[in-house]
Amino acid sequence: QVQLVESGGGLVQAGDSLRLSCLASGRTFSNKAMGWFRQAPGKEREFVAALSWSSGNTYYADSVKGRFTIFRDNVKNTVYLQMTSLKPEDTAIYYCSLAPMGTRYDYWGQGTQVTVSS
């Protein structure tokens, strides 16, 4: 159906920037939404950012608003999460997800680790 592969995670210092990539392959959906979620150890998975493929509208969690940017490359069928001014609180496994009809997120990547040191 759909394969999502995240990449770009790593270990950085507070204040640094990092760009995550999510390559989607397999079946495509015209009305899809793609988003980023994250989960820190012992904490709930939380929404980070999302993009409506058809409209281009973007949505952000308050905790990352103004620091993170989600954008896409239609040719590569890839969604990115550009993270700036990273904080230790951003440390988590970041997951890419896809909602085929722009509603429920049915597909998930394996996650990529982002660690921000003080």
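That block above? That's the structure.
Residues numbered from 1 in each chain as written. Predicted model: local features only at pLDDT ≥ 70, side-chain atom pairs only at ≥ 80, totals over all residues. Heavy atoms only, no water.

(A) Structural detail: the overall build of the protein chain. Assigned secondary structure in the protein chain consists of zero helices and 11 strands. Taken from N to C terminus, the helices and strands of the protein chain fall in the order β-β-β-β-β-β-β-β-β-β-β. By the compact-globule yardstick of 13 Å for 118 residues, the protein chain fits well, its C-alpha radius of gyration being 13 Å. Seen through its C-alpha atoms, the protein chain measures out along the principal axes to roughly 40 × 25 × 25 Å. The 118 residues of the protein chain split such that 44% are buried. Within the protein chain, residue pairs in contact and separated by at least 24 positions form 54% of the contacts whose partners lie at least 6 positions apart. (Helix = DSSP H or I, 4+ residues; strand = E, 2+ residues; numbered from the N terminus. Rg over C-alpha atoms; globule rule 2.2 N^0.38 Å. Buried < 20%, exposed > 50% of the residue type's maximum accessible area, 1.4 Å probe, protein only. Contact = heavy atoms within 4.5 Å.)

(B) The arrangement of the state of the cysteines in detail. Taken as a whole and judged by the stated rule, the model has one disulfide. Paired by a disulfide, C22 and C96 hold their sulfur atoms 2.0 Å apart. The sign of the S-S torsion, about -80°, decides the handedness of the disulfide formed by C22 and C96: left-handed. Residue C22 is located in strand β3 (residues 18-26), and its partner C96 is located in strand β9 (residues 92-99); the two are separated by 74 residues in the primary sequence. C22 sits in the buried class, given a relative accessible area of 0%. Taking the relative accessible area as the measure of exposure, C96 reaches 0% and is therefore buried. (Disulfide = S-S within 2.5 Å.)

(C) Just unusual backbone geometry, in detail. One non-glycine residue, N77, lies in the positive phi region at around 55°. In this structure, N77 sits in the loop between β7 (68-73) and β8 (78-83). Taking the relative accessible area as the measure of exposure, N77 reaches 16% and is therefore buried. The backbone phi angle of S85 is positive, close to 50°, even though this residue is not glycine. Its location among the elements puts S85 in the loop between β8 and β9. Relative accessible area serves as the criterion here: at 40%, S85 is assigned to the partly exposed category.

(D) Main features of the side chain of T78. Topologically, T78 is positioned in strand β8. In terms of polar contacts, T78 uses its side chain to reach the backbone carbonyl oxygen of K76, at 3.0 Å. (Polar contact = N/O pair within 3.5 Å; in protein donor to acceptor, adjacent residues only side chain to side chain.)

(E) Summary view of the side chain of E6. If you trace the backbone, E6 turns up in strand β1 (residues 2-7). Side-chain polar atoms of E6 contact the backbone nitrogen of C96, separated by 2.7 Å. Within the structure, E6 has its side chain in polar contact with the backbone nitrogen of G111 (distance 2.9 Å). Residue contacts for E6: discarding those within four places in its chain leaves S21, C22, W36, Y94, Y95, C96, G109, Q110, G111 and T112.

(F) Layout of the sheet that holds β1. Taking strand neighbours across the sheet as the criterion, the four strands line up as β1-β3-β8-β7 in an open arrangement whose pairing is antiparallel. Of all strands in the sheet, those bounded by a partner on one side alone are β1 and β7. Averaged over all neighbouring strand pairs, the angle between strand axes comes to 15°, with direction disregarded. (Pairing = 2+ DSSP bridges. Axes fitted to C-alpha atoms, helices over the stretch in contact; angles between N-to-C directions.)

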